[in-house]
Amino acid sequence: MHPIEYIFPILAEPKKIFITTHQKPDADALGSSLGLYHYLIQKGHEVTVAIPNELPDFLHWMPAIETVLNYESEPKMCEQAIAACDLIFCLDFNHLSRIKGLEAPLRAATQPRVLIDHHLQPEADVFFCGTSNPDKSSTCEMIFDFIRQCGDEDLINNDIAQCLYTGAMTDTGSFRFPATTGSVHEMIAFFKHRGLEHSIIHQHVYDSWSANRMRFIGYALYQKMDIASSGKYGIIALSSKDMEPFNLMSGDTEGLVNYPLSIEGVQVAVLITEKNGEIKMSFRSKGNIDVSTFARTHFNGGGHFNAAGGRSDLGFEATIEKLKSLIGNIIP
């Protein structure tokens, strides 16, 4: 994979550009994709943003959301856009397996693929050029850096600022995680000096819950959160049967894994969910506890040092048993 600078001369002339991100897109995935979209449109490019599957409701307000294609419901339009494009941007994922149904058409595509991502161990050989920096708070911060590298910070308008702020805010836990460096605050200050109204974004993301979601969170914390006798880790395990009464929408479990970490002494939190026969896992940790390596070694996953994901083929109860037998080994 060549450095990201290799793409600059290619972008000097108008191109047809395809942008995509990982399955179950979160605010950083969508924010970086739409932030880049708004920038490239201003540069005269023809741009299509496509996501592998549906978005959570709390992101439906984002500028230009109506232009985004969903591969699950619009596969032909997505594949036509890939076939017609000159260039493919891959944002907020490091391996093509993370884009679900879009993996096959993107692997088959012969156009240059450009990576902008902040996860560990990228599948570097499938990308023409790019940048992968796990020290960055978010892919949204990296898009901000990319625009400035291109010498175009004057093109950062309110649409771009709203998109990039949203992803940075959520990926840093509202700016409380260790990845919230000085450069993150400098980026936010840049947006604020340009007139960004950040409180409206907080309302869109955090004050738009359904009553069902609120009841579900209460149920999960009261009935399904298990804090270890040592007090050092917490697990929330939700079977399909547990979630069925709440009529959950996409994104309704977002952030749930963080709640056990609010308990004094808890250093690792894990969320296990069962849906349509799939068992998925989210890991969070404090300090010097590497949940990325743990997830990759034991649960077919990976991610960031303090925030990772995984999956299991063992069955719901067996997954919980395996997790409990191993998790204590990574906590001092």
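Here the structure is shown first, and the text comes after it.
Read on for a plain summary of the structure. Predicted model, so just to flag it, every value in this text is computed and none were measured.

**Quick word on the overall build of the protein chain**
Moving on, step 1. Looking only at helices and strands, the protein chain features eleven helices and 13 strands.
Moving on, step 2. A compact globule built from 332 residues would reach a C-alpha radius of gyration of about 20 Å, and the protein chain, at 20 Å, matches this within 12%.
Moving on, step 3. C-alpha extents for the protein chain along the principal axes are approximately 60 × 45 × 40 Å.
Moving on, step 4. Relative to all contacts within the protein chain whose residues are 6 or more apart in sequence, the contacts with residues 24 or more apart total 66%.
Moving on, step 5. If you sum the accessible surface of the protein chain, you get close to 15000 Å²; carbon and sulfur atoms cover 49% of it.
Moving on, step 6. Distance between charge centroids for the protein chain: 4 Å, based on 27 positive and 40 negative side chains.

**Here's the deal with the nonpolar core**
Moving on, step 1. Ranked by size, the top nonpolar core spans 52 residues in total, and within it Ile19, Leu34, Leu36, Leu40, Phe89, Phe146 and Phe191 carry the most contacts.
Moving on, step 2. The residues touching Leu40, leaving out its near neighbours within four places in the chain, are Leu11, Ile17, Ile19, His45, Val47 and Phe89.
Moving on, step 3. Within the second largest apolar cluster, 22 residues are counted, among which are Val291, Phe316, Ile320 and Ile331.

**Some words on the packing of aromatic side chains**
Moving on, step 1. With the rule as written, the count across this model stands at 13 aromatic pairs.
Moving on, step 2. Between the aromatic rings of Phe144 and Phe191, the centroid separation amounts to 5.5 Å while the plane-to-plane angle is 85°, which identifies the pairing as edge-to-face. Here Phe144 is found in helix H4 (residues 139-149), whereas its partner Phe191 is found in helix H6 (residues 182-193), with 47 residues between them in sequence.
Moving on, step 3. Aromatic side chains Tyr165 and Phe175 sit 5.7 Å apart centroid to centroid with 55° between the ring planes, which places their arrangement in the tilted category.

**With respect to the layout of surface pockets**
Moving on, step 1. As a volume, the second largest pocket reaches approximately 180 Å³.
Moving on, step 2. Taken together, 15 residues make up the lining of the second largest pocket; nearest its centre are Asp57, Ser208, Ser210, Met249 and Asp252.
Moving on, step 3. Looking at the lining of the second largest pocket residue by residue, the classes come out as six nonpolar, six polar and three charged.

**Here we look at the sheet that holds strand S11 (residues 278-285)**
Moving on, step 1. Taken together, the six strands give an open sheet; going across it, the order is S8-S9-S10-S11-S13-S12, and neighbouring strands pair in mixed fashion. Sheet topology places strand S8 (225-227) and strand S12 (302-303) at the edges, where each strand pairs with a single neighbour.
Moving on, step 2. As defined by bridge partners, strand S9 (residues 233-238) adjoins strand S10 (residues 268-275) across six bridges and the pair is classed as parallel. Along S10, the bridge assignment pairs Tyr233 with Val268.
Moving on, step 3. The strands touched by helix H8 (residues 211-223) are S8 and S9; relative to S9, the strand with the most contacts, the crossing angle is about 125°.

**Re the packing of helix H1 (residues 27-42) against helix H5 (residues 158-171)**
Moving on, step 1. Viewed as axis vectors pointing N to C, H1 and H5 meet at an angle of 160°, and their least axial separation amounts to 8 Å. When the axis of H1 is compared with that of H5, the two are roughly antiparallel. The handedness of the crossing between H1 and H5 is left-handed. Contacts between H1 and H5 involve Ala27, Asp28, Gly31, Ser32, Leu34, Gly35, His38, Tyr39 and Gln42 on the former and, on the latter, Asp159, Ile160, Cys163, Leu164, Thr166, Gly167, Thr170 and Asp171.
Moving on, step 2. Class assignment for the residues of the contact of H1 with H5 results in six nonpolar, eight polar and three charged.

**Things to note about the pattern of salt bridges**
Moving on, step 1. Here the structure, examined in full by the defined rule, presents nine salt bridges.
Moving on, step 2. The salt bridge involving Asp145 is made with Lys136; its shortest N-O contact spans 2.8 Å.
Moving on, step 3. The exposure class of Lys136 is buried, given its relative accessible area of 18%.
Moving on, step 4. Each of Glu103, Arg107 and Glu123 takes part in one network of salt bridges that share partners.

Each value, and the rule that gives it
Residues numbered from 1 in each chain as written. Predicted model: local features only at pLDDT ≥ 70, side-chain atom pairs only at ≥ 80, totals over all residues. Heavy atoms only, no water. Helix = DSSP H or I, 4+ residues; strand = E, 2+ residues; numbered from the N terminus. Rg over C-alpha atoms; globule rule 2.2 N^0.38 Å. Contact = heavy atoms within 4.5 Å. Areas by Shrake-Rupley, 256 points an atom, 1.4 Å probe, with all protein chains shown as cover. Lys, Arg positive; Asp, Glu negative; His and termini not counted. Charge placed at Lys NZ, Arg CZ, Asp CG, Glu CD. Core = buried A, V, L, I, M, F, W, Y, C linked by side-chain atoms within 4.5 Å. Buried < 20%, exposed > 50% of the residue type's maximum accessible area, 1.4 Å probe, protein only. Phe/Tyr/Trp six-rings, centres within 6.5 Å; stacked < 30°, edge-to-face > 60°. 1 Å grid on protein atoms, 1.4 Å probe; cavity = no way out; pocket = protein on both sides within 12 Å on 5 of 7 lines; lining within 4 Å. Points joined across faces, edges and corners; volume = space filled by probe spheres on them. Nonpolar A, V, L, I, M, F, W, Y, C, P; charged D, E, K, R; others polar. Pairing = 2+ DSSP bridges. Axes fitted to C-alpha atoms, helices over the stretch in contact; angles between N-to-C directions. Parallel < 35°, antiparallel > 145°, perpendicular 65-115°, else oblique. Left-handed = near helix turned anticlockwise from the far one by under 90°. Salt bridge = Lys/Arg side-chain N within 4 Å of Asp/Glu carboxyl O.

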